[in-house]
Amino acid sequence: MSTAPSPPGPARAPRRASGRLVVLASGGGSTLAALLAAHDDPAFGARVVGVVTDRAGAGALDHARAAGVPTAVVAPADFPDRAAWDEGLAQAVAVFTPDLVVSAGFMRILGAGFLARFGGRTVNSHPALLPAFPGAHAVRDALHHGVRVTGCTLHVVDAGVDTGPVVAQVAVPVLDDDDEATLHERIKVAEREQLVATVGRIVREGMHVDGRRVRLGG
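Criteria and thresholds
Residues numbered from 1 in each chain as written. Predicted model: local features only at pLDDT ≥ 70, side-chain atom pairs only at ≥ 80, totals over all residues. Heavy atoms only, no water. Helix = DSSP H or I, 4+ residues; strand = E, 2+ residues; numbered from the N terminus. Rg over C-alpha atoms; globule rule 2.2 N^0.38 Å. Contact = heavy atoms within 4.5 Å. Areas by Shrake-Rupley, 256 points an atom, 1.4 Å probe, with all protein chains shown as cover. Lys, Arg positive; Asp, Glu negative; His and termini not counted. Charge placed at Lys NZ, Arg CZ, Asp CG, Glu CD. Core = buried A, V, L, I, M, F, W, Y, C linked by side-chain atoms within 4.5 Å. Buried < 20%, exposed > 50% of the residue type's maximum accessible area, 1.4 Å probe, protein only. Pairing = 2+ DSSP bridges. Axes fitted to C-alpha atoms, helices over the stretch in contact; angles between N-to-C directions. Right-handed = clockwise from strand over helix to strand, strands pointing away.

Some thoughts on the overall build of the protein chain
Alright, step 1. In terms of regular secondary structure, the protein chain is built from six helices and nine strands.
Alright, step 2. The C-alpha atoms of the protein chain give a radius of gyration of 17 Å, which matches the 17 Å a tight globule of 218 residues would have.
Alright, step 3. Projected onto the principal axes, the alpha-carbon positions of the protein chain cover approximately 55 × 45 × 35 Å.
Alright, step 4. A fraction of 65% describes how many contacts in the protein chain between residues 6 or more apart in sequence connect residues 24 or more apart.
Alright, step 5. Accessible area for the protein chain stands at about 9900 Å²; split by element, carbon and sulfur atoms hold 54% of it.
Alright, step 6. One finds the centroid of the 21 positive side-chain charges in the protein chain at a distance of 7 Å from the centroid of its 22 negative side-chain charges.

Observations regarding the nonpolar core
Alright, step 1. Ranked by size, the top nonpolar core spans 27 residues in total, and within it L21, V23, L32, L35, V48, V102 and V199 carry the most contacts.
Alright, step 2. Mapped by element, the contributors of at least two residues to this core are β1 (20–25), α1 (30–38), β2 (47–53), α2 (59–66), β4 (100–104), β6 (149–156) and α6 (180–205).
Alright, step 3. Leave out the neighbours within four places in its chain, and V23 touches L32, L35, V48, G50, V51, V52, V102 and A104.
Alright, step 4. Judged by nonpolar contacts, the second largest core, of 20 residues, contains V22, V52, V101 and L110.

As for the sheet that holds β6
Backbone hydrogen bonds hold the strands of a sheet together, and the pairing may be parallel or antiparallel.
Alright, step 1. Taken together, the seven strands give an open sheet; going across it, the order is β3-β2-β1-β4-β5-β6-β7, and neighbouring strands pair in mixed fashion. Looking along the sheet, the strands with just one partner apiece sit at the ends: β3 (71–73) and β7 (166–173). Neighbour to neighbour, the strand axes of the sheet diverge by 20° on average, direction disregarded.
Alright, step 2. With six bridges joining them, β1 and β2 adopt parallel strand pairing.

Regarding the pairing of strand β5 (residues 122–126)
Alright, step 1. Among the five residues in β5, five count as buried, and that is most of the element.
Alright, step 2. Residues T122, N124 and H126 point to one face of β5 and V123 and S125 to the other, with burial holding for every one of them.
Alright, step 3. Bridge analysis of β4 against β5 gives four bridges, and the strand direction is parallel. Residue pairing across strands places V102 opposite V123, the latter belonging to β5.
Alright, step 4. Read from β4 through helix α4 (residues 112–118) to β5, the crossover connection turns out right-handed.
Alright, step 5. As paired elements, β5 and β6 share four bridges and run antiparallel to each other. Looking at the pairing, S125 lines up with L154 of β6.

Written out as structure tokens, the structure is:
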């Protein structure tokens, strides 16, 4: 795995991004595929320039390779401890000099080493209406709590577990006959649409983070 000779600029939200996206993914990559489809449209204003996963078998790698996008695998087992892996992840992302990092189905918490470089310009898509139901089992937890409405959230990544400032949200109703699989599939549809639309706005108009408040555009 190659690394960048030096880290990118200060870890803060850019006023306007120039459109270089790096996507972090752990799974099948359906959300990545939506971004790859969007980046072929000049009106979108950005391109996915790199995809980084934590698993060599992640389906997201297939989507990236089919689109001709460079990839990197940063597996925790290849590092002596969590801090070393976090630094390795940051180095792998830095190779692509991104303006915005998009965590899309990436099942790892980003630590201090990563956030020192990319904090304030990393966003994550989560399948619930935060601050309700953070963590890896958001859809299951929403069903177990009997909520009638859940949804998806795009938020700025911070040091907590799904605790960063909210950028955008979309509500998804819970149907009487929903199970975890059917509900999650409808949330994924909303997630993909929200992510493409909001990431497009961020790269075209800029993102400003002021405490818990996020503003897009000038």
